[in-house]
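# Coordinate analysis (summary)
Listed below are the residues making up each chain.
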Amino acid sequence: MLIGEESLEELNKRLEIKVPMNRFRPNFVSKNNSAFSEDEWEKFKIGESEFCRIKHCTRCLLTTVDQNKGVKDPKQEPLKTLREFRLNKQVYGTSPMFGINLGIDNPGIIVKVGDKITTF
């Protein structure tokens, strides 16, 4: 699963209490892109590893739990705010999208921190 840093920044602008990236448990974090640009990536490379978007990642109640305290947010944030601007009801119902689920097209190639992401 991949999320862009700018996507988290945009979400955090809308929240009373900011949430960290690890709340969403991504495998990869991109940067230097516009917020939510990862939504449009169909095929891309990280270094020499080729990936495809399987689907947008729909978010569940687990994102409302502060991992450091083990406490669920009483207002169900950030899920509540994500539902205000990240829904595709026709496809995902009431589950908001945040990040993308990936498939790998050429397994066995190592991805390293700092590898460039290119779309094609």
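One can find the structure itself at the top, above this paragraph.
Note that the structure is predicted; figures quoted are calculated from it, not measured.

## As for the overall build of the protein
When helices and strands are counted, the protein shows three helices and eight strands. Secondary structure elements of the protein, listed N to C terminal, follow the sequence β-α-β-β-β-β-β-α-α-β-β. Computed over the C-alpha atoms, the radius of gyration of the protein is 15 Å, within 12% of the 14 Å expected from 2.2 N^0.38 for a compact globule of 120 residues. By its C-alpha atoms, the protein is 45 × 35 × 25 Å across when sized along the principal axes. The 120 residues of the protein split such that 38% are buried. A sequence separation of at least 24 residues applies to 71% of the contacts in the protein between residues at least 6 apart. In the protein, which carries 20 positive and 17 negative side-chain charges, the distance between the mean positions of the two groups comes to 4 Å.

## Remarks on the pairing of strand S7 (residues 97–104)
The buried fraction of S7 is high, at six of eight residues. Of the strand pairs in this sheet, strand S4 (residues 49–58) and S7 are connected by six bridges, and their pairing is antiparallel. Residue pairing across strands places Cys 52 opposite Gly 103, the latter belonging to S7.

## Observations concerning the environment of Val 29
Here Val 29 lies in strand S2 (residues 28–30). Exposure remark for Val 29: the relative accessible area of 40% places this residue in the partly exposed category. Once the C-alpha coordinates of Val 29 and Glu 6 are considered, the two residues, 23 residues apart in sequence, prove to be 9.8 Å apart. Setting aside anything within four residues of it in sequence, one finds Val 29 in contact with Ile 3, Glu 5 and Met 21.

## Digging into the pattern of salt bridges
A complete count under the given rule lists seven salt bridges for this structure. In this structure, Lys 43 and Asp 105 form a salt bridge, with 2.7 Å as the shortest nitrogen-oxygen distance. Of this pair, Lys 43 sits in strand S3 (residues 43–46) while Asp 105 sits in the loop between S7 and strand S8 (117–119), placing them 62 residues apart in sequence. Residue classification places Lys 43 among the partly exposed positions, given a relative accessible area of 35%. Residue Glu 48 is joined to Lys 45 by a salt bridge in which the shortest nitrogen-to-oxygen separation is 3.3 Å. A residue is classified by how much of its surface remains accessible, and Glu 48, at 51% relative accessible area, is exposed. Within the structure, one salt-bridge network assembled from shared partners comprises Glu 10, Lys 13 and Arg 14.

## Here's the deal with the packing of aromatic side chains
The geometry of an aromatic ring pair is captured by two quantities: the separation of the ring centres and the angle between the planes. Within the structure shown, the criterion is met by six aromatic pairs. Seen in terms of ring centroids, Phe 44 and Phe 51 are 5.8 Å apart; in terms of plane orientation they differ by 15°. Their pairing is stacked. Assessed through its relative accessible area of 0%, Phe 44 is described here as buried. Through a chain of ring-to-ring contacts, the aromatic side chains of Phe 24, Phe 36, Phe 85 and Phe 98 assemble into a single cluster. Cation over ring: Arg 14 sits above Phe 85, and NZ or CZ is 3.7 Å from the ring centre.

Scoring rules and cut-offs
- Residues numbered from 1 in each chain as written.
- Predicted model: local features only at pLDDT ≥ 70, side-chain atom pairs only at ≥ 80, totals over all residues.
- Heavy atoms only, no water.
- Helix = DSSP H or I, 4+ residues; strand = E, 2+ residues; numbered from the N terminus.
- Rg over C-alpha atoms; globule rule 2.2 N^0.38 Å.
- Buried < 20%, exposed > 50% of the residue type's maximum accessible area, 1.4 Å probe, protein only.
- Contact = heavy atoms within 4.5 Å.
- Lys, Arg positive; Asp, Glu negative; His and termini not counted.
- Charge placed at Lys NZ, Arg CZ, Asp CG, Glu CD.
- Pairing = 2+ DSSP bridges.
- Salt bridge = Lys/Arg side-chain N within 4 Å of Asp/Glu carboxyl O.
- Phe/Tyr/Trp six-rings, centres within 6.5 Å; stacked < 30°, edge-to-face > 60°.
- Lys NZ or Arg CZ within 6 Å of the ring centre and 35° of its normal.

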